[in-house]
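A look at the structure
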Amino acid sequence: MDIKPTRRIRLTASFRSFMENEAAGGIILMAVAALALIIANSPLSEDYFGFLKTYVGGLSILHWINDALMAIFFLLVGLEIKREMISGQLSTWSRRALPGFAAVGGMMVPALIFLFFNEGATIRGWAIPSATDIAFSLGVLSLLGARVPLSLKVFLTALAIIDDLGAVIIIALFYSEGLNVPALAGMAAVFAILVAMNYLGMVRLWAYLVLGVILWILVFKSGIHATIAGVLLALTIPMKGKRGEADSPLVELEHAIQPWVGFIIVPIFGFANAGVSFSGVSLSNLADPVPIGVAAGLFIGKQLGVFAFAWLAIKLRLAERPPGATWVQIYGVAILCGIGFTMSLFIGLLAYDKSPLLQDETKLGVLLGSLLSAVFGAFVLAVAAARSKKPEPKK
């Protein structure tokens, strides 16, 4: 037990609001995912899957959710990354170090474990277990309340934000196909205009959003996944308004879309993608390379990668242990990082876009790995909290 006095953790209002919204949204996401599983295996399953396959405006409902609504999710991710890197919890090396090292380990080790179980065509899904669902993991953490130090919640949030940045880069580099050169050129031109608007000090948010819609259309046609448009747009939104950061377009937009993303868009995505019919699935399918690779990557790879890299960074004095947190509590948070729900499902849909069977097996692996991570992570943190209340002799 750390007997040194703990430092006071100071959070910006935006960061605190973000954590609270993500935690509440994560609890809703759990309920929605469970509902989707129930409906997918009920007499309503035909209506459920039929509705998602219904075409509107040239795209199916499922595609509108995964390509358009999720672009808004990625817009929020980009805004959070930019704000935290410039003036928030990731603005200095000392703040980035621990979650940064932990995030790298949490992406590398799960991918290696997945590759250990897979070969040939299925290795395309190597990045599936590398993602952490920030809403789901914070939702589980919030259930423990004050028994978990604030510093650990900050650590998990910062780690997941860096993890999201890694996922965005992976999607852009490895899951883009059939590039359309004219559309790419148009995308680059619109992005350059957005950058110039930022450089010239334009703070009219509506102008950025109008060009953002055009950017999404061009990215959609370019062969790069359309959701990347959200991140590109976020990078150009100004951080300073007429009175500084408080009234900046970035903060205004983030506050405007955060509740919509957390309480509507992500739950809709979860409801549309978590539904797996078990009618043609047996327990033997869980031993197939994809589900076992995904589940093992999330549950085993995440906790090993996050904890080992965090431990190494602290022991080498490259980073500091979160104030007031024990090693057991850090390990518990490392287990929670194995909840990869939203981003893992999303990457799985991209990796196996031409194989419904592999998509279903991915969902099985994600659900199993995330469930194990949530249950065991919460258990370890609860036990650690109970132990921390007992007085220990001074060394």
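Residues numbered from 1 in each chain as written. Predicted model: local features only at pLDDT ≥ 70, side-chain atom pairs only at ≥ 80, totals over all residues. Heavy atoms only, no water.

Per an unreviewed UniProt entry, the protein chain carries the name Na(+)/H(+) antiporter NhaA and comes from Phyllobacterium pellucidum. Entered under Function (unreviewed entry) in the UniProt record, the comment concerning the protein chain runs "Na(+)/H(+) antiporter that extrudes sodium in exchange for external protons." In its Catalytic activity (unreviewed entry) section, the UniProt record describing the protein chain reads: "Na(+)(in) + 2 H(+)(out) = Na(+)(out) + 2 H(+)(in)". (UniProt positions renumbered as here; feature names shortened; annotations may be inferred.)

A few words now on the environment of Ser 344. Relative to the assigned elements, Ser 344 resides in helix H13 (residues 341-351). For Ser 344, a relative accessible area of 0% gives the class buried. Along the chain, Ser 344 and Ala 313 lie 31 residues apart, while their C-alpha atoms are 26 Å from each other. In contact with Ser 344, not counting residues within four places along its chain, are Ile 128, Pro 129, Ala 131, Leu 298 and Val 366. (Helix = DSSP H or I, 4+ residues; strand = E, 2+ residues; numbered from the N terminus. Buried < 20%, exposed > 50% of the residue type's maximum accessible area, 1.4 Å probe, protein only. Contact = heavy atoms within 4.5 Å.)

Summed over the entire model, instances satisfying the criterion amount to four salt bridges. Glu 84 is the salt-bridge partner of Arg 83, the closest N and O atoms lying 2.2 Å from each other. This pair shows no difference in class: Arg 83 is buried, exactly as Glu 84 is. Note that Lys 354 is salt-bridged to Asp 353, the shortest N-O span being 3.4 Å. Each of Arg 83, Glu 84 and Glu 254 takes part in one network of salt bridges that share partners. (Salt bridge = Lys/Arg side-chain N within 4 Å of Asp/Glu carboxyl O.)

This brings us to the packing of aromatic side chains. Under the defined criterion, the tally for this structure stands at 14 aromatic pairs. With a centroid separation of 5.2 Å and 90° between ring planes, the pair formed by Phe 116 and Phe 117 is classed as edge-to-face. For Phe 116, a relative accessible area of 69% puts it in the exposed group. Residue Phe 117 is classed as partly exposed on the basis of its relative accessible area of 33%. Both rings, one in Phe 269 and one in Phe 346, keep their centres 6.2 Å apart while their planes meet at 55°; by these two values the pair is tilted. Of this pair, Phe 269 sits in helix H10 (residues 249-273) while Phe 346 sits in helix H13, and the two are 77 residues apart along the sequence. Phe 346 gets classed as buried once you look at its relative accessible area, which sits at 2%. (Phe/Tyr/Trp six-rings, centres within 6.5 Å; stacked < 30°, edge-to-face > 60°.)

Before going further, it helps to spend a moment on the side chain of Lys 363. On the secondary structure map, Lys 363 appears in helix H14 (residues 356-388). With no salt bridge to any partner, buried Lys 363 finds its closest opposite charge in Asp 360, at an N-O distance of 4.3 Å. There is a polar contact of 3.2 Å between the side chain of Lys 363 and the backbone oxygen of Asn 273. Leave out the neighbours within four places in its chain, and Lys 363 touches Asn 273, Gly 275, Val 276, Leu 345 and Leu 349. (Lys, Arg positive; Asp, Glu negative; His and termini not counted. Polar contact = N/O pair within 3.5 Å; in protein donor to acceptor, adjacent residues only side chain to side chain.)

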